[in-house]
Amino acid sequence: MSGLGELRNHGISEAADPRHEMANAWKIARKSNAQLPLVIVIALALVLVLLGKAQSGLFDQARIKVTDWLAPGLEVARAPARGFDRWLGSVTEIFSVYEENLRLKEENARLRQWRNVAIVMQNRVGRYQSLLHAVPDPKLNTVLARVIGRSSRPFVRTLILDAGTRNHTGPGEAVVDSRGMIGRIYLSGRRTSWVILLTDPNSRIPVTVATSAGDGGAVQAIMSGDNSPQPTLDLVSRTARLHAGDQVVTSGDGGLLPHGLPIGTVVAGSSGGWRVALLADAASTQDVEILKYSEPPEKLPPQAELPAEAAGLKPLAPPLQTRTEPPPVPETAPADALASRQQTPRPQPPDRGTE
Amino acid sequence: MALERGAGQGTATRMVAALVPVLCGLVCAFVANIPVSLTGGEVPPPLLALVPVYFWCLVRPDLMTPAATFAIGVMEDVLSGGPPGVRTLSFVLTYALVARQRDSFASLSGLAAVLGFASAAAFCCAVAWATVAVLNWRLPPVSPNVGELAMTVLFYVPTALLVGWLHHRLVGPLRSDI
């Protein structure tokens with residue numbers, strides 16, 4: 001179905017001899033010295049790759065404008081696509097309904113036990129917090145959004161949401177569903193946003209693993225996507241030990257994401273190392289929340305506590321025992337006054353600690 | 001007078017026909033990158049834009065020029081959301097391969113023609129994979145590329161039939177004029 005075969009199949013041979021036509025076309029290509037522009041175009045493509053690596057803003061702007069333009073159509077197409085997806089899912093799952101039902105009943109009974117444990121623990125934590133006068137976690141503002149598009153390319157896995165800058169969302173904000181974190185926004189248009197999934201090869205976020213063994217400490221790690229359903233875990237400490245089933249949450253390091261967002265559980269990788277079985281399922285989720293989190297700016301300590309040398313200033317003079325007032329500047333000519341100031345030592349600011 | 005009008009119309013028609021391969025490639029890039037997945041994003045979409053590039057590179061290389069392939073690659077890059085320039089480079093290099101081995105590819109028919117396209121698509125996916133590996137300085141997983149290649153080959157036959165029909169209806173009749 002290519003080349004001469006296609007020409008024959010589509011009836012072009014009736015109009016003219018395809019061999020003659022093909023030879024004619026080749027003559028045109030060879031006559032126009034097609035090799036020269038090809039070399040130039042390859043060079044341009046290489047420049048484009050390097051330019052895109054150095055500065056991808058132009059591409060991103062074009063992408064988000066196209067997505068904004070497509071948004072109404074995507075919202076219309078969402079319902080039939082969702083219906084087909086459900087139908088496809090029901091077709092594939094209909095043969096395992098009985099086993100699935102038994103498994104869910106067993107899991108439900110086990111979860112009921114855990115629910116009671118969780119309620120007891122929640123009450124206990126509440127009592128401890130009131131005893132310690134603990135500062136409660138700040139409540140996060142959220143924006144509810146719907147998934148109107150999915151893209152699963154070999155080098156990028158994204159969702160497209162129907163919330164953009166007009167809903168006051170912006171790049172870097174975490175996207176979660178009812179089960180856990182899905183990803184974070186990396187492009188925001190006026191009406192739509194692109195979400196980079198945790199499974200995307202470009203996704204790397206700092207996480208905390210709550211180890212279940214030993215003293216129950218926390219292990220810091222970096223979770224990296226590699227286009228597989230389970231992202232990899234790179235431990236910061238080489239001596240830390242993990243176990244399958246340990247809980248993984250966001251660490252909040254860097255201040256981009258809030259601390260403690262549930263992500264998943266640790267599982268052993270098939271080729272060694274540890275991976276994370278995600279709680280959220282980006283393939284099936286339809287409604288998500290965008291967390292509007294911004295770490296409060298760190299307050300500067302009082303000026304007196306700042307080390308002057310760290311700022312490149314001269315160290316403060318030690319507090320004087322007897323303070324002498326600078327001599328009054330006589331009312332003389334400006335040149336004389338300047339000369340007298342240069343000779344007079346500058347008064348040091350009073351030391352707040354002694355006041 | 002009538003002859004001049006007819007000649008003018010013929011020139012306009014030829015210009016439109018000359019744009020058909022490029023427009024077809026751009027439309028294919030657009031359709032393949034509409035972010036609606038019927039499988040929940042589990043299956044990667046095919047590289048539909050590669051089909052018109054391959055087809056017209058064999059049949060009418062004067063209409064599917066390197067510059068046209070470059071434009072289609074840029075469109076694919078913008079819409080797919082991947083690393084900028086990767087698809088452009090892979091499309092242009094695939095075009096260069098097909099143009100260089102045009103005699104071999106054009107002589108194929110039937111199942112061999114599908115295998116010929118599959119080899120070109122495999123080269124395209126391999127170039128993209130290698131480019132991303134160099135850019136990120138680590139090896140990306142191979143399985144998504146294999147999935148994309150499989151989908152592209154799967155969609156080749158219906159897309160090639162459509163492209164061939166367009167060629168026959170819009171471009172083919174004007175072949176003798178050039």
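What you are looking at is a predicted structure, and each value in this text was computed from that prediction instead of being measured.

Parameters and conventions
Residues numbered from 1 in each chain as written. Chains lettered and ligands numbered in written order. Predicted model: local features only at pLDDT ≥ 70, side-chain atom pairs only at ≥ 80, totals over all residues. Axes fitted to C-alpha atoms, helices over the stretch in contact; angles between N-to-C directions. Helix = DSSP H or I, 4+ residues; strand = E, 2+ residues; numbered from the N terminus. Parallel < 35°, antiparallel > 145°, perpendicular 65-115°, else oblique. Left-handed = near helix turned anticlockwise from the far one by under 90°. Contact = placed C-beta atoms within 7 Å. Nonpolar A, V, L, I, M, F, W, Y, C, P; charged D, E, K, R; others polar. Buried ≥ 20, exposed ≤ 12 C-beta atoms within 10 Å, placed from the backbone. Arc of directions from axis to C-beta. Pairing = 2+ DSSP bridges. pLDDT = per-residue confidence, 0-100.

All names here are of chain B. Following both chains from N to C, one finds helix H3 (residues 66–80) and helix H4 (residues 86–100) inclined at 150°, their axes separated by 7 Å at the closest point. Judged by the inter-axis angle, H3 sits roughly antiparallel to H4. Our pair here, H3 against H4, has a crossing hand that is right-handed. Contact residues: Pro66, Thr69, Phe70, Ile72, Gly73, Val74, Glu76, Asp77 and Ser80 in H3; Val86, Arg87, Thr88, Phe91, Val92 and Tyr95 in H4. Classifying every residue of the contact of H3 with H4 gives eight nonpolar, four polar and three charged.

This brings us to helix H8 (residues 156–171) of chain B. All names here are of chain B. Along H8, the residues classified as buried are Tyr156, Thr159, Ala160, Val163, Gly164, His167 and Val171. Buried positions in H8, seen along its axis, are confined to an arc of 135° and lie on one side of it. In this structure, H8 carries Pro158 and Arg169 as exposed residues pointing more than 90 degrees from its buried face.

Turning our eyes to something else, we now look at the sheet that holds strand S7 (residues 218–224) of chain A. Residue and element names in this part refer to chain A. One closed barrel holds the six strands; their spatial order is S6-S7-S8-S11-S10-S9, and the pairing between them is antiparallel. Between one strand axis and the next, the sheet turns through 45° on average, direction left out of account. One ladder, built from five bridges, connects strand S10 (residues 262–268) with strand S11 (residues 274–278); its direction is antiparallel. The residue bridging Ala268 from the neighbouring strand is Trp274, located in S11.

Here the focus is the pairing of strand S2 (residues 156–161) of chain A. Residues and elements named next belong to chain A. Here S2 lies mainly inside the structure; six of its six residues are buried. Side chains Val156, Thr158 and Ile160 of S2 all project onto a buried face; the interleaved residues Arg157, Leu159 and Leu161 project onto the opposite face, where all are buried too. With six bridges connecting them, strand S1 (residues 141–153) and S2 associate as antiparallel partners. Across the sheet, residue Ser152 finds its bridge partner in S2, namely Arg157. If you look at the hairpin formed by S1 and S2, you'll find two residues sitting between the two strands. Taken together, the four bridges between S2 and strand S5 (residues 193–197) define a ladder with antiparallel strand orientation. For Leu159, the partnering residue across the bridge sits in S5 and is Val195.

Residues and elements named next belong to chain B. Across chain B, the average pLDDT comes to 84, with 88% of residues at 70 or higher. The low-confidence segment residues 174–178 (pLDDT under 50) makes eight contacts with residues lying over four places distant or belonging to another chain. ipTM for the predicted complex: 0.85, alongside a pTM of 0.69.

With that settled, the discussion passes to unusual backbone geometry. For His133(A), which is not glycine, the phi dihedral falls at a positive 55°. Within the secondary structure layout, His133(A) lies in the loop between helix H6 (97–132) and S1. His133(A) gets classed as exposed once you count the C-beta atoms within 10 Å, which come to 6. Phi angles above zero are rare outside glycine, and Trp137(B) is one such case at about 55°. Along the polypeptide, Trp137(B) turns up in the loop between helix H6 (111–136) and helix H7 (143–154). A tally of 6 C-beta atoms within 10 Å means that Trp137(B) is categorised as exposed.

So, about the pairing of strand S8 (residues 232–235) of chain A. Bridging between S7(A) and S8(A) involves four bridges; their strand directions are antiparallel. When the sheet's bridge partners are listed, Met223(A) is paired in S8(A) with Leu233(A).

This part is about the environment of Arg146(A). All names here are of chain A. Structurally, Arg146 is set in strand S1. Judged by C-beta crowding, with 15 C-beta atoms within 10 Å, Arg146 ranks as partly exposed. C-alpha of Arg146 to C-alpha of Val288: the two residues are 142 residues apart in sequence and 6.2 Å apart in space.

Residues and elements named next belong to chain A. Looking at chain A, pLDDT values average 75 and 70% of them are 70 or higher. Per-element averaging of pLDDT across chain A places helix H2 (residues 12–15) at the bottom with 39 and strand S3 (residues 174–176) at the top with 91. Across residues 1–19, confidence stays below pLDDT 50; counting only partners more than four residues off in sequence or on other chains, it has 54 contacts. Within the model, the stretch residues 329–355 combines pLDDT values under 50 with 13 contacts to residues more than four positions away or in other chains.

We now examine the sheet that holds strand S4 (residues 181–188) of chain A. A barrel is described by the order of its strands in space; here six strands give the closed sequence S1-S2-S5-S4-S3-S12 (chain A), paired in antiparallel fashion. Looking at each pair of strands side by side, their axes are set apart by 45° on average, direction ignored.

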